[in-house]
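So you can see what is in the structure, the chains are spelled out below.
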Amino acid sequence: MTTNLKGKTAVVTGSTSGIGLAYARAFASAGANIVLNGFGAPADIEKERTAIESDYKVKAVHSPADMSKPAEIAGMIALGETSFGSVDILVNNAGIQFVSPVEDFPPEKWERIIAINLSSAFYGIRAAVPGMKKRGWGRIINTASAHSLVASPFKSAYVSAKHGIAGLTKTVALELATFKVTCNCISPGYVWTPLVEKQIPDTMKARNMTKEQVINDVLLDAQPTKQFVTVEQVAALALFLCGDDAAQITGTNLSIDGGWTAE
Ligand code: NAD
């Protein structure tokens, strides 16, 4: 069955790039109005926003909310509700990464990664749930990571945040189970996006490797398929989770990682 999201509104954090942009396009293709969020050049964001509107005949707005700021996160949910009447789908996806040996890991980087990759989901859920409960329908999807299940050296904050979001997902799923609101996380393996590309120089330094070695021996070697996951593959899974066929899927952590976490 195809997913029909006509009349629904999806807020996707961190959707000016990578996986988030693919989620936004997938939900719009099913008829949802979209609240984009994230950073970037204003002209690029406006180009994406108008492209979504014209490609899929839906409405899209951009919220510049900073996911490290709780009041701005609440403002983003309010923007969805005032622009389109409801927030039915919330995807907590914004994320950043930093690679460093734990003893050198700057405390301010730790705080920022926990804020953007974990606490933002708590604040978003907190703001969106009253409306979802009232309407008796909702879908909350958190982008976790293979790092919600397994660790890698030099990523202490990221791995901790991703393990945390898996716990938040299960707790919220149990609280909302009788309200027809599901909460799941999707855990991709490596997807070639700016987030992955930007961590390569620090990984080269931490592991004393060349760029090619990092790509082949760290990134691709983690995945038995020896291939990157694509943003479209991750978005297709999210779209499925929003459909009626997924109504009984809640509290899970769905891996899409080329077999990484099966090993
Ligand atoms: P990306 O760098 O392409 O996108 C990150 C998005 O988050 C951008 O839109 C950026 O503007 C936004 N963002 C960053 N800081 C923000 C802030 N303070 N407030 C609002 N928005 C902010 O990265 P991506 O790979 O698409 O990552 C998306 C999510 O997927 C992240 O949570 C990441 O941890 C997760 N993930 C990525 C991979 C991968 O291999 N790329 C694997 C597993 C999980």
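Nothing here was measured: the structure is a model prediction, and the numbers come from that model. (Residues numbered from 1 in each chain as written. Predicted model: local features only at pLDDT ≥ 70, side-chain atom pairs only at ≥ 80, totals over all residues.)

**Q** With reference to specific residues and values, describe the overall build of the protein.
**A** Secondary structure assignment for the protein yields eight helices and seven strands. Relative to its length of 263 residues, the protein is compact, with a C-alpha radius of gyration of 18 Å against a globular reference of 18 Å. Taken over the C-alpha atoms alone, the protein extends approximately 50 × 40 × 35 Å along its principal axes. For the protein, with 263 residues in total, the buried portion stands at 45%. Taking the intrachain contacts of the protein between residues at least 6 apart in sequence as the baseline, contacts between residues at least 24 apart amount to 74%. (Helix = DSSP H or I, 4+ residues; strand = E, 2+ residues; numbered from the N terminus. Rg over C-alpha atoms; globule rule 2.2 N^0.38 Å. Buried ≥ 20, exposed ≤ 12 C-beta atoms within 10 Å, placed from the backbone. Contact = placed C-beta atoms within 7 Å.)

**Q** Outline the site of the ligand, listing residues and values.
**A** Taken together, 29 residues sit near the ligand, with Gly14, Gly18, Gly38, Gly95 and Leu195 positioned nearest. Breaking the shell around the ligand down by element, the ones donating at least two residues are helix H1 (18-29), helix H4 (107-135) and helix H6 (194-207). Residue classes in the shell around the ligand are distributed as 12 nonpolar, 16 polar and one charged. (Near = placed C-beta within 6 Å. Nonpolar A, V, L, I, M, F, W, Y, C, P; charged D, E, K, R; others polar.)

**Q** Before we move on, can you summarise H6 with the specific residues and values?
**A** With 14 residues, H6 extends 20 Å between its outermost C-alpha atoms, agreeing within 8% with the 20 Å of an ideal straight helix rising 1.5 Å per residue. At Ile200, H6 shows its largest bend, some 35 degrees, and a proline, Pro201, comes one to four positions later. Looking one or two residues past H6, Asn208 carries a phi angle of roughly 55 degrees, positive in sign. (Expected span 1.5 Å × (residues − 1). Bend = angle between axes of the 7 residues up to and from the residue.)

**Q** Report on the packing of H4 against helix H5 (residues 156-176), specifying residues and quantitative values.
**A** Running from amino to carboxyl end, H4 crosses H5 at an angle of 15 degrees, the nearest separation of the two axes being 9 Å. Classified by the interaxial angle, the pair formed by H4 and H5 is roughly parallel. Helix-helix and strand crossings are classified by hand; for H4 and H5 the assignment is right-handed. From H4, Lys109, Trp110, Ile113, Ile114, Asn117, Leu118, Ala121, Phe122, Ile125 and Val129 reach across to H5, where they touch Ala157, Tyr158, Ala161, Lys162, Gly164, Ile165, Leu168, Val172 and Leu176. Tallied by class, residues from the contact of H4 with H5 come to 15 nonpolar, two polar and two charged. (Axes fitted to C-alpha atoms, helices over the stretch in contact; angles between N-to-C directions. Parallel < 35°, antiparallel > 145°, perpendicular 65-115°, else oblique. Left-handed = near helix turned anticlockwise from the far one by under 90°.)

**Q** Now, about the environment of Leu239: what can you tell me, with residues and values included?
**A** Secondary-structure assignment places Leu239 in helix H8 (residues 231-241). Leu239 sits in the buried class, given 24 other C-beta atoms within 10 Å. Considering only alpha carbons, one finds Leu239 and Thr2, 237 residues apart in sequence, at a separation of 9.1 Å. Other than its neighbours up to four places away in sequence, Leu239 contacts Thr3, Ala26, Phe27 and Ala30.

**Q** Before we move on, could you go through the confidence of the model for the protein and cite the residues and values that matter?
**A** Of all residues in the protein, 100% have pLDDT values of 70 or greater, and the mean over the chain is 97. Predicted complex, confidence summary: ipTM 0.99, pTM 0.98. (pLDDT = per-residue confidence, 0-100.)

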